[in-house]
Amino acid sequence: MSRKLLLTHDNVPNLHTIDVYRSKGGYASVEKALKKMTPEEIVEEVKKSGLRGRGGAGFPTGMKWSFLAKPEGVPRYLVCNADESEPGTFKDRYLMERNPHLLIEGMITSSFALGANTSYIYIRGEYFYVSRILETAIAEAYAKGWLGKNILGTGYNLDLYVQVGAGAYICGEETALLESLEGKRGNPRIKPPFPAIAGLYGCPTVVNNVETIAAVVPIVNDGGDEYAKIGIGRSTGTKLISASGNINKPGVYEIEMGVPVEEFIFSDQYCGGIANGKRMKACVPGGSSVPILPDYLVCKTATGEDRLMTYESLSDGGFATGSMLGSGGFIVYDEHQCVVRNTWNFSRFYHHESCGQCSPCREGTGWMERVLHRLEKGMGNMNDIDLLVELAKKIEGNTICPLGDAAAWPVAAAIKHFRHEFEYHVLYPEKVKDSKHGHKEPIMPVKPAPVMA
Amino acid sequence: MSLLKVTIDNHTIEVPAGTTILQAARLIGKEVAPPAMCYYTKLATSGGYCRTCLVKVSKGSEKDPRPMPKLVASCRTTVMDGMEVQNFTSPEVIEARKGVVEFLLINHPLDCPVCDQAGECHLQDLSYENGRSYSRYEFERRTFDKIDIGDKIKLHMTRCILCYRCVKVADQLTPGRGHGVINRGDVSEISTYIEHAVDNEFSGNMIDVCPVGALTDRTFRFKSRVWFLKPMDAHRDCDKCSGKAVVWKYGNDIYRVTGRKDQWGEVDEWICNTCRYDKKDAKDWTVEGPRKIEKTSVISQNHYEAGTKFVASPETLPVKQLS
Ligand SMILES: Cc1cc2nc3c(=O)[nH]c(=O)nc-3n(C[C@H](O)[C@H](O)[C@H](O)COP(=O)(O)O)c2cc1C
Ligand code: SF4
Ligand code: FES
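These figures come from a predicted structure and were not determined experimentally.

### Section: the pattern of salt bridges
- Counted under the stated rule, the structure contains 56 salt bridges over all chains.
- Its salt-bridge partner being R26 of chain B, residue E266 of chain B comes within 3.1 Å of it at the nearest N-O pair. Note that E266 of chain B is positioned in the loop between β13 (253-258) and α6 (273-278) and R26 of chain B in helix α1 (residues 21-28), a separation of 240 residues in sequence. When sorted by exposure, E266 of chain B lands in the same class as R26 of chain B, which is buried.
- One salt bridge connects E62 of chain B with K59 of chain B, and the closest N-O pair in it is separated by 3.3 Å.
- Linked by salt bridges that have partners in common, E390 and K394 of chain A together with E95, E102, R132 and R136 of chain B make up one network.

### So, helix α8 (residues 174-181) of chain A
Residues and elements named next belong to chain A.
- For α8, a buried count of 7 out of 8 residues is recorded, marking the element as mostly surrounded by other parts of the structure.
- All of the buried residues along α8 are T175, A176, L177, L178, E179, S180 and L181.
- In this structure, the buried residues of α8 make contact with β1 (77-82), β2 (118-123), β4 (156-164) and β5 (205-209).
- Where α8 ends, the next residue or the one after it, G183, has phi of about 95°, a positive value.

### Quick word on the site of ligand 1
Residues and elements named next belong to chain A.
- Taken together, 18 residues surround ligand 1, and among them G55, N81, N208, N209 and T212 come closest.
- Measuring from an oxygen atom of ligand 1, one finds a backbone N or O atom of E84 at 3.0 Å.
- In the model, an oxygen atom of ligand 1 is placed 2.6 Å from a nitrogen or oxygen of the N209 side chain.
- Out of a free accessible area of 610 Å², ligand 1 has 90% covered by protein chains.
- For the shell around ligand 1, the element with the highest residue contribution is β5, accounting for 3 residues.
- Considered class by class, the residues forming the shell around ligand 1 number 4 nonpolar, 8 polar and 6 charged.

### Description of the site of ligand 2
- Of all residues adjacent to ligand 2, which total 13 residues, the nearest are C355, Q357, C358, C361 and C401 of chain A.
- Tallied by class, residues from the shell around ligand 2 come to 8 nonpolar, 5 polar and no charged.

### A look at the interface of chain B and chain A
- On the chain A side, the residues contacting the 34 residues of chain B number 33 residues.
- For the chain B and chain A pair, buried surface summed over both sides reaches about 2,900 Å², with 50% attributable to carbon and sulfur atoms.
- Interface area lost by chain B to chain A is led by F103, F139 and R184 of chain B, which between them contribute 27%.
- Between chain B and chain A we count 7 salt bridges in total.
- When the shortest N-O distance is used, the salt bridge between K70 of chain B and D405 of chain A registers 3.9 Å.
- Secondary-structure elements contributing two or more residues to the side of chain B that touches chain A are α2 (91-106) and β8 (179-182) of chain B.
- The dominant element in the side of chain B that touches chain A, judged by the number of residues it contributes, is α2 of chain B, at 8 residues.
- Broken down by class, the residue content of the side of chain B that touches chain A amounts to 16 nonpolar, 7 polar and 11 charged.

### Description of the domain arrangement of chain A
Residues and elements named next belong to chain A.
- Entries for chain A in the domain assignment read domain 1 (18-230), domain 2 (238-334) and domain 3 (339-432).
- Relative placement of domain 1 and domain 3: their C-alpha centres are 35 Å apart.
- On the side of domain 3, 9 residues touch domain 1, which itself brings 13 residues to the contact.
- With both sides pooled, the region where domain 1 packs onto domain 3 buries about 920 Å², and carbon together with sulfur makes up 69% of that total.

### So, the domain arrangement of chain B
Residues and elements named next belong to chain B.
- The assigned domain composition of chain B is domain 1 (3-90), domain 2 (143-220) and domain 3 (226-300).
- A straight line from the C-alpha centre of domain 1 to that of domain 2 covers 29 Å.
- Taken together, the contacts link 11 residues of domain 1 with 11 residues of domain 2.
- In total, about 880 Å² of surface goes out of reach between domain 1 and domain 2, with carbon and sulfur atoms giving 60% of it.
- When the area that domain 1 buries against domain 2 is broken down by residue, the three leading residues are M37, L43 and Y49, summing to 57%.

Cut-offs applied
- Residues numbered from 1 in each chain as written.
- Chains lettered and ligands numbered in written order.
- Predicted model: local features only at pLDDT ≥ 70, side-chain atom pairs only at ≥ 80, totals over all residues.
- Heavy atoms only, no water.
- Salt bridge = Lys/Arg side-chain N within 4 Å of Asp/Glu carboxyl O.
- Helix = DSSP H or I, 4+ residues; strand = E, 2+ residues; numbered from the N terminus.
- Buried < 20%, exposed > 50% of the residue type's maximum accessible area, 1.4 Å probe, protein only.
- Contact = heavy atoms within 4.5 Å.
- Near = heavy atom within 4 Å.
- Polar contact = N/O pair within 3.5 Å; in protein donor to acceptor, adjacent residues only side chain to side chain.
- Areas by Shrake-Rupley, 256 points an atom, 1.4 Å probe, with all protein chains shown as cover.
- Nonpolar A, V, L, I, M, F, W, Y, C, P; charged D, E, K, R; others polar.
- Buried area = accessible area lost by both parts, 1.4 Å probe.
- Domains from an automatic or database assignment.

Set out below in structure tokens:
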């Protein structure tokens, strides 16, 4: 059985209440941090732990914290990114619903480490009911003296607020989030300056994902070295994976970094294999923004090694034959699913969510969606496929924020690995008019013949 | 203050810290300056949106010579000492810029024949220089209804490229936040707060900063093509602004008044609405002399003051006579 650090007690009834949470050892990290450690020591432990941001980019958290500017007389802020809107990702919601105090505990410990006296949890608008859960928990924490003035008599003050967004994916991008938190239109800022220098209200700010902040709790409790023992190489600790799609047991799993992908999909401990005894066709391992992998590249890398659930192994082969761990939104497709339809669906999402600031993303996402829609409906032509590849290339890397890349990558990868399926849509318009055409005539990935050296 | 050395398309120049690549390129001159559709020197936080000014930084600085991984917006990237930049010399930049221009045009109505901006439109220049001669976009273009922002400005959102310049004018020259962007993505639109008039002495400058024909002067709309008019530098005593403007004349009649624009198409000084809309009598102005329009455009092609000095001969005619 794999070790759990975040979902240890998630089946305990009433874990969301402070008394039950305390009885399971909750808030120990706050006591240890505030009474026995200096902020620098905590940052040092986080660095040692090798923890990397769980929001998608995987940036080392300890390093991010040490970049935080500390000018005299200027407040610093910690902002928790609970905007979780990436299709296929639902781990933060599960964590906050089941165990809101873990996040609050992490916020207190982290805020102390960063020297923040005011912190925010920015939560996605559609998670309104979760914001109620958090607010109730925060009120309990205030009542018990874990928040507010002079926490545990140490002289440390912290106020924690929950801010509900208005329901925009782009407000998960850290600088758009800060704009929105300031009460403005959620447009990403142009970087530099980075939030660590000028973030919320122009002050130094750290933005971290819910899971990242929750992971600080076991790191402080057990020490960074202990945390770093789990995992492989630069992928340490545990990771929450939101598993969905055509699997027997969809849900949120806490895995140790380094579990083989094959085990994750097929073992009963996790996804339990493909539903209804079908074959696996493809997998998107890290949320809708990351490249899709055809069946033959899911469990093995292009060089024939076992693919593992780590940042490095999932991206092995780059974008040619790899993907990314991203936010851990693990979507599995069976043989009856249509990749063109899926790509169109993702593309529709990015088109809808683009903030519209910069021209390649504003115009390009809409164009890609329309072309994909046409292809999906059997009304496209062969040139459309190359047009999509070119549009993706023209968007990628040329935008203000990574939403442009996130819109381009899935399209480029789908065409790279499933071009024959796009062609099928052009060649057999009558068949693909039925959106369930895959059920009648499954189209499996075609493994390219090895190129002779 | 120490100067930083930057090389753009093999031209080297020294500039003070804080200078952007675009500004440095403009100091070198037209031959290296990237096109800019959203950046505006006088408007703080402008730039970064349109992406036409993308350049390649092939060497980050003397200290850290690594190239930057992506193309960068030259209007929002500051120069480092020893930086090397490629603009027109980089095929990658040219390709990306072509892409940007194509994106800007797919939803643009291309109604130049009936657009007042034609002849002084930056999007026309940009697409002439970087665009393709046909469109690959086969879907319906987005359209909006025209709205009046007060009695002097017409907003034709269909033509807008969302450069945000007018938003910055409204934020920075006029009090309150009455004018901004609503909705998102490709249905974003410039709008005033529930169709409020933008009512301020300097609001007319929005028209001057608009690179396309989205914001036009209602006192001038459909009066004349700009290249039939003679731009003249002129001034008057004004208690609100410097009173330095350009009057656009046809014969002795003043058809419109605008700010004085430099070779990059940016106004030197903001002018007030009184000068712009209400002073259309030749007696109101002291004319200084012809205004040279440097930005590539039909107006500069047609330099009227040159007409007497330069008589077209068959050799200088751009097209061969047929037959
Ligand atoms: C379009 C876009 C959407 C994002 N959405 C989220 C999100 O919902 N939740 C999140 O934690 N990070 C999201 N991110 C990543 C954040 O910008 C940021 O990297 C993250 O919050 C940093 O936290 P971490 O270092 O703990 O991962 C998004 C990024 C982009 C570009
Ligand atoms: S890439 Fe898209 S979402 Fe990001 S700033 Fe540009 S338009 Fe907005
Ligand atoms: S001028 Fe630089 S991005 Fe528009």
